[in-house]
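Listed below, chain by chain, are the residues.
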Amino acid sequence: MENAYLEQLFGLNGRTAVVVGGTGVLGGAIAQGLARANAHVIVAGRDLSRGRSRVHEIEKVGGSAAFFNVDATCRESMKALLESVVAVRNNVDVLINCAGVNASTPYFEIPDDDWNKVLATNLTSTHLGCQIFGEHMAANGGGSIVNLGSVSAHLPLSKVFAYSASKAAVVNYTKNVARELAPKGVRVNVLCPGFFPAEQNRKILSPERTAVILSQTPMNRFGSPEELVGAVLLLVSPVAGSFVTGAEIYVDGGFTGMRL
Ligand SMILES: NC(=O)c1ccc[n+]([C@@H]2O[C@H](COP(=O)([O-])OP(=O)(O)OC[C@H]3O[C@@H](n4cnc5c(N)ncnc54)[C@H](O)[C@@H]3O)[C@@H](O)[C@H]2O)c1
């Protein structure tokens, strides 16, 4: 296989990629993968120390990155993030909407605060990212946005009512925005991971639940965050992914194809 050919298909040299929620487990691996494909990566999130360590991990292997603070649920904060990035990089080519939270409560006891926080973090932040960065990309020659869905978008997962509803909405919203922005040169897709142990789902993955999940995952294991990178590079590449928009890509060890 020719390296030059792979570079032409997937290389992101000179491009700027913003990973909102790049402080997290999946966002961190995606940020690292984008940097290794030669993008300059902006790790954006609320956690300064974790953001700094993500940047350090990228720089350690020769990548280029910086951390910017953002509250992804707040319009003013997301606008300020775009302005700060444009001030130093002129342009944003890639946005990954990867901030997320989860909450597990018996149905009749779901606190309104939990419901609102999950919807705001998973859905509203995705909307703000697509709208604010999408407008910038449309005015600057195009770009690519990847939203984070989940296997729970189509197969509602027990105990996580707000989470499943938010992810179903993210998939629907992604397709609608993909149609809206396609004529403006902005591609919008949704990546739907299966089960990857991370901060937001640590409490939810009890031994009993883990056993059920694995029994319904043909590959019989959890995913490892780096296993998302290939799909992300396809989606964000203006060459390899040039005709891909409104797509939902499952990286789930076969979970969504399985019926007992
Ligand atoms: N881990 C999985 O199995 C899995 C499966 C499907 C989808 N996802 C989705 O992937 C995305 C990343 O999740 P993860 O599993 O890496 O979880 P994670 O908890 O490790 O990372 C989420 C990150 O989002 C950040 N965040 C939360 N609220 C924020 C806000 N208001 N502003 C800015 N940043 C904020 C957190 O600080 C954290 O760093 C989420 O959308 C999640 O729903 C995860």
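This text goes with the structure placed above it.
Structure report, in brief. The structure displayed is predicted, hence computed values, not measured ones.

### Brief notes about the site of the ligand
Surrounding the ligand, one finds 26 residues, the nearest of these being T23, L26, A72, Y163 and F196. A distance of 3.3 Å is found between a nitrogen atom of the ligand and a side-chain nitrogen or oxygen belonging to R46. In the complex, 96% of the free accessible area of the ligand, which totals 820 Å², lies under the protein chains. When residues of the shell around the ligand are traced back to their parent elements, those giving at least two are helix 2 (25–36) and helix 6 (161–181). Residues belonging to the shell around the ligand are distributed by class as follows: 12 nonpolar, 10 polar and four charged.

### Looking at the packing of helix 4 (residues 75–89) against helix 5 (residues 112–139)
The angle between the axes and the distance between the axes are what describe a pair of packed helices. Put simply, helix 4 and helix 5 touch, their axes get as near as 10 Å, and they point 35° apart. Crossing of helix 4 against helix 5: the hand is right-handed. Side by side, helix 4 and helix 5 meet where R75, M78, K79, L81, L82 and V86 of the first sit next to S125, H127, L128, G129, Q131, I132, F133 and H136 of the second. Counted by class, the contact of helix 4 with helix 5 contains seven nonpolar, five polar and two charged residues.

### A few points about the state of the cysteines
The tally for this structure, following the rule as stated, stands at zero disulfides. Counting only cysteine sulfurs, C130 is the nearest neighbor of C74, a cysteine outside any disulfide, at a range of 17 Å. Unpaired in this structure, C192 has its nearest cysteine sulfur neighbour in C98, at a distance of 12 Å.

### Comments concerning helix 4
Owing to its 3.6 residues per turn, the α-helix aligns residues three or four sequence positions apart on the same side. Here helix 4 is 15 residues long and its end C-alpha atoms lie 21 Å apart, about the 21 Å a rise of 1.5 Å per residue gives. Within helix 4 the residues assigned to the buried category are S77, M78, L81, L82 and V85. Angularly, the buried residues of helix 4 cover 140° about the axis, an arc narrow enough to put them on a single face. Residues of helix 4 that are exposed and point more than 90 degrees away from the buried face comprise E76, E83 and A87. Packing partners of the buried residues in helix 4 comprise strand 1 (16–20), strand 2 (40–45), strand 3 (64–69), strand 4 (94–97) and helix 5. Of the residues flanking the end of helix 4, it is N90, one or two places downstream, whose phi is positive at about 70°.

### Considering the packing of helix 2 against helix 3 (residues 48–60)
Interaxial distance between helix 2 and helix 3 falls to 10 Å at its minimum, and their mutual angle equals 30°. Considering the angle they form, helix 2 stands roughly parallel to helix 3. For the element pair helix 2 and helix 3, the recorded crossing hand is right-handed. Between helix 2 and helix 3, the contacting residues are V25, G28, A31, Q32 and A35 on the first element and R54, E57 and I58 on the second. Its residues assigned to classes, the contact of helix 2 with helix 3 shows four nonpolar, two polar and two charged.

### Things to note about the packing of aromatic side chains
As enumerated under the stated definition, the model contains three aromatic pairs in all. When the centroid spacing of 4.9 Å and the interplanar angle of 55° are considered together, the rings of Y107 and F161 count as tilted. Here Y107 is found in the loop between strand 4 and helix 5, whereas its partner F161 is found in helix 6, with 54 residues between them in sequence. By relative accessible area, which is 52% here, Y107 ends up exposed. Members of the aromatic cluster, joined through ring pairs, are Y107, F108 and F161.

### Structural notes on the pattern of salt bridges
Across all of its chains, the model carries five salt bridges by this definition. One salt bridge in this structure joins R54 and E57, with 3.4 Å as the shortest N-O distance. With R54 and E57 both in helix 3 and three residues apart, the pair spans about one turn of that helix. Note on E57: relative accessible area 29%, which makes it partly exposed. With a shortest N-O distance of 3.2 Å, E248 and K175 are connected by a salt bridge. In this pair, E248 sits in strand 7 (residues 248–251) while K175 sits in helix 6, placing the two residues 73 residues apart along the sequence. Note on K175: relative accessible area 34%, which makes it partly exposed. Each of D47, R50 and E199 takes part in a single network of salt bridges with overlapping partners.

About the cut-offs
Residues numbered from 1 in each chain as written. Predicted model: local features only at pLDDT ≥ 70, side-chain atom pairs only at ≥ 80, totals over all residues. Heavy atoms only, no water. Near = heavy atom within 4 Å. Polar contact = N/O pair within 3.5 Å; in protein donor to acceptor, adjacent residues only side chain to side chain. Areas by Shrake-Rupley, 256 points an atom, 1.4 Å probe, with all protein chains shown as cover. Helix = DSSP H or I, 4+ residues; strand = E, 2+ residues; numbered from the N terminus. Nonpolar A, V, L, I, M, F, W, Y, C, P; charged D, E, K, R; others polar. Axes fitted to C-alpha atoms, helices over the stretch in contact; angles between N-to-C directions. Left-handed = near helix turned anticlockwise from the far one by under 90°. Contact = heavy atoms within 4.5 Å. Disulfide = S-S within 2.5 Å. Expected span 1.5 Å × (residues − 1). Buried < 20%, exposed > 50% of the residue type's maximum accessible area, 1.4 Å probe, protein only. Arc of directions from axis to C-beta. Parallel < 35°, antiparallel > 145°, perpendicular 65-115°, else oblique. Phe/Tyr/Trp six-rings, centres within 6.5 Å; stacked < 30°, edge-to-face > 60°. Salt bridge = Lys/Arg side-chain N within 4 Å of Asp/Glu carboxyl O.

Geometry only, nothing functional implied.
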